[in-house]
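Descriptive analysis of the structure
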Amino acid sequence: MTSLERITHDPDWYEPYRISLAVRANGLIFVSGQAGIDESGATVGGDDFEAQARQAFVNLATVLGEAGASLADVVKVTVMVTDMSYLGVIIKLRGEYFTEPYPADTLLRVAGLAQRDWLVEIDAVAVAPDATAA
C-alpha cells in the first residue's frame, strides 16, 4: 500500500481550495503548481512576469523545505506561462534557482491559469532526501 503524507505550510495558501501544497509518496515529493502569490494568496508584482516567477520559485522552495527537501532535490519541473515571450526570463531563473544536473523540464504556454492575473505556475517532482539514502 502506498504511504501518502500531506505537506503543508503555515499559512497554507491552498487550503481553502482543498489542494495539498505537496504530497510525499514512496520517496517522491509531488509539489502542486506554485504561482506568484504571497502567503495570503495575493498575486505579487501585478503584471511583472519576473516578479511573479521569482515568487513562484520561492513558493516552490518553501513547500519543498516543509518536506525536508530543497530545489536541489527536484528531478522534474513543469512551467506553465501565458506568454512564450517570457522564455528568456524562465531560462535565466532556471539558472538562478536550479543547479546541475538541471531537472527535466516541460514548458507550456497555456491560455490561462487558475487566477486571471497569474502569468506563471510551476510544479515539481522531487526525490525526498531520506529516499536517496536507500
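Residues numbered from 1 in each chain as written. Predicted model: local features only at pLDDT ≥ 70, side-chain atom pairs only at ≥ 80, totals over all residues. Heavy atoms only, no water.

With that settled, consider the pairing of strand 6 (residues 120-127). In terms of residue burial, strand 6 counts as a mostly covered element, since six of its eight residues are buried. Of the strand pairs in this sheet, strand 3 (residues 28-35) and strand 6 are connected by six bridges, and their pairing is antiparallel. Paired with L28 across the two strands is V127, which belongs to strand 6. (Buried < 20%, exposed > 50% of the residue type's maximum accessible area, 1.4 Å probe, protein only. Helix = DSSP H or I, 4+ residues; strand = E, 2+ residues; numbered from the N terminus. Pairing = 2+ DSSP bridges.)

For the rest of this paragraph, the subject is the side chain of Q34. With respect to the helices and strands, Q34 occurs in strand 3. By relative accessible area, Q34 is classed as buried at 0%. In this structure the side chain of Q34 is engaged in a polar contact, spanning 3.0 Å, whose partner is the backbone oxygen of S32. When residues no more than four places from it in sequence are discounted, the contact partners of Q34 are W13, Y14, L21, A56, N59, L60, V63, V120, E121 and I122. (Polar contact = N/O pair within 3.5 Å; in protein donor to acceptor, adjacent residues only side chain to side chain. Contact = heavy atoms within 4.5 Å.)

Here helix 1 (residues 49-66) is 18 residues long and its end C-alpha atoms lie 26 Å apart, about the 26 Å a rise of 1.5 Å per residue gives. Of the residues making up helix 1, those classed as buried are F49, Q52, A53, A56, F57, N59, L60, V63 and L64. Buried residues along helix 1 cover an arc of 160 degrees about the axis, so they all sit on one side. Looking at the buried positions of helix 1, the neighbouring elements they touch are strand 1 (4-7), strand 2 (22-25), strand 3, strand 4 (74-81), helix 2 (87-97) and strand 6. The residue sitting at the N-terminus of helix 1 and contributing the capping side-chain oxygen is D48; that oxygen lies 3.1 Å from the backbone nitrogen of E50. With its phi angle positive at about 80 degrees, G68 sits one or two positions after the end of helix 1. (Expected span 1.5 Å × (residues − 1). Arc of directions from axis to C-beta.)

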